[in-house]
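Structural description and commentary
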Amino acid sequence: SQKIEQNSEALNIQEGKTATLTCNYTNYSPAYLQWYRQDPGRGPVFLLLIRENEKEKRKERLKVTFDTTLKQSLFHITASQPADSATYLCALERDNFNKFYFGSGTKLNVKP
Amino acid sequence: EAGVVQSPRYKIIEKKQPVAFWCNPISGHNTLYWYRQNLGQGPELLIRYENEEAVDDSQLPKDRFSAERLKGVDSTLKIQPAELGDSAVYLCASSLFGGETQYFGPGTRLLVL
């Protein structure tokens, strides 16, 4: 069965540093992968999508990489700010018809 | 533009009682999803609708859960009877047909005592 792994331990970093979050998966080759942000008491909010034929995607201070050989995606936030503190979820699309499997998320704490 | 609306936001019930959640998706979004999110976990798909048709309900515990989307717009998810293990956040999301981006509502936090 599909398994998606994200670091279960919280990531604590200092403001201004780059945060790097990891998403590993097994047993499947998704057509694309997404990253979401979730704040306490709220639903996930879409951030970025990267396709299997793309190595890297950027949006403002966010960068996502996708290595289909390693079956891994890395999510980077540069010049992190306390407002970036949240849980970040990766989601894989499978079955080529908008069925998504989510990882359990990594909590990011950015300290001022 | 209004986002996905869910109600109620919180619900506390005793086990064996019924409960229902309501979702109104973003206008024009044909696809509607219901997810369950346990504490510390990611959302897990329960059911997906394309218009009024349930195209994927393989993860829906059909002995106690039911859902409907009668006019292809808003949707209701019901649990009857509720069990202690049903305590979770129930999220509704919507997207355009074939769309790659899901828009989530704030969720309904259910506590079964």
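Here we summarise the structure given alongside this text. Predicted model only: the values in this text are computed from it and were never measured. (Residues numbered from 1 in each chain as written. Chains lettered and ligands numbered in written order. Predicted model: local features only at pLDDT ≥ 70, side-chain atom pairs only at ≥ 80, totals over all residues. Heavy atoms only, no water.)

Quick look at the pairing of strand β11 (residues 108-112) of chain B
Residues and elements named next belong to chain B.
- The two faces of β11 differ: Thr108, Leu110 and Val112 on one face are buried, but Arg109 and Leu111 on the other face are not.
- Examined bridge by bridge, strand β2 (residues 10-13) and β11 share four bridges and lie parallel to one another. Its bridge partner lying in β11, Lys11 is registered against Leu110.
- Here strand β9 (residues 88-95) pairs with β11 via three bridges, running antiparallel. Pairing of Val89 across the sheet is with Arg109, part of β11. (Buried < 20%, exposed > 50% of the residue type's maximum accessible area, 1.4 Å probe, protein only. Helix = DSSP H or I, 4+ residues; strand = E, 2+ residues; numbered from the N terminus. Pairing = 2+ DSSP bridges.)

A word on the pairing of strand β6 (residues 53-56) of chain B
Residues and elements named next belong to chain B.
- With three bridges connecting them, strand β5 (residues 44-50) and β6 associate as antiparallel partners. Counterpart to Glu50 in the pairing with β6 is Glu53.
- Between the antiparallel neighbours β5 and β6 lie two residues, among them Asn51 with a positive phi of about 55°.

Topic: the sheet that holds strand β3 (residues 19-24) of chain B
All names here are of chain B.
- Overall, antiparallel pairing links the four strands, which are arranged β1-β3-β8-β7 in an open sheet. This sheet does not close on itself; its edge strands, each paired only once, are β1 (5-7) and β7 (65-68). The average angle at which neighbouring strand axes cross in this sheet is 15°, direction not considered.
- Taken together, the five bridges between β3 and strand β8 (residues 75-79) define a ladder with antiparallel strand orientation. Opposite Trp22, over in β8, you have Thr76 as the bridge partner. (Axes fitted to C-alpha atoms, helices over the stretch in contact; angles between N-to-C directions.)

Thoughts on a nonpolar patch on the surface
All names here are of chain B.
- Taken together, the side chains of Ile12, Leu111 and Leu113 define a hydrophobic patch exposed on the protein surface, amounting to about 300 Å² of accessible area.
- Here Leu111 lies in strand β11.
- On the accessibility criterion, Leu111 (39% relative accessible area) is partly exposed. (Patch = residues over 30% accessible without salt bridge, like charges linked within 9 Å, V, L, I, M, F, W, Y side chains within 5 Å. Areas by Shrake-Rupley, 256 points an atom, 1.4 Å probe, with all protein chains shown as cover. Salt bridge = Lys/Arg side-chain N within 4 Å of Asp/Glu carboxyl O.)

Digging into the environment of Val4(B)
Residue and element names in this part refer to chain B.
- Inspection of the secondary structure assignment puts Val4 in the segment before β1.
- With relative accessibility at 9%, the residue Val4 sits in the buried group.
- Put simply, Val4 and Leu70 are 66 residues apart on the chain and 17 Å apart in space, counted from C-alpha to C-alpha.

Observations concerning the state of the cysteines
- All chains considered together, the criterion is met by two disulfides over all chains.
- The disulfide partner of Cys23(A) is Cys90(A), and the gap between their sulfur atoms is 2.0 Å. Residues Cys23(A) and Cys90(A) share a disulfide whose torsion about the S-S bond is about 65°; that sign makes it right-handed. Linking Cys23(A) in strand β3 (residues 19-26) with Cys90(A) in strand β9 (residues 86-94), this pair joins segments that are 67 residues apart in sequence. Summarising the burial analysis for this pair, Cys23(A) and Cys90(A) share the class buried.
- Note that Cys23(B) is cross-linked by a disulfide to Cys92(B), the S-S spacing being 1.9 Å. As the torsion about the S-S bond is roughly -70°, the Cys23(B)-Cys92(B) disulfide counts as left-handed. Of this pair, Cys23(B) sits in strand β3 while Cys92(B) sits in strand β9, placing them 69 residues apart in sequence. (Disulfide = S-S within 2.5 Å.)

Details of the interface of chain B and chain A
- Counting residues at the interface gives 24 residues for chain B and 19 residues for chain A.
- Of the roughly 1,600 Å² buried at the junction of chain B and chain A (both faces included), carbon and sulfur atoms supply 48%.
- The largest contributions to the chain B side of the interface with chain A come from Glu100(B), Gln102(B) and Phe104(B), which together make up 31% of the buried area.
- Taken together, the connections running from chain B to chain A amount to one salt bridge.
- For Arg51(A), the salt bridge is made with Glu100(B), and the minimal N-O distance between the two is 2.7 Å.
- In this assembly, chain B and chain A are joined by four residue pairs in polar contact (both at pLDDT 80 or more).
- Listed by contribution, the elements that provide at least two residues to the side of chain B that touches chain A are β4 (31-37) and β5 of chain B.
- Split into classes, the residues belonging to the side of chain B that touches chain A amount to eight nonpolar, 10 polar and six charged. (Contact = heavy atoms within 4.5 Å. Buried area = accessible area lost by both parts, 1.4 Å probe. Polar contact = N/O pair within 3.5 Å; in protein donor to acceptor, adjacent residues only side chain to side chain. Nonpolar A, V, L, I, M, F, W, Y, C, P; charged D, E, K, R; others polar.)

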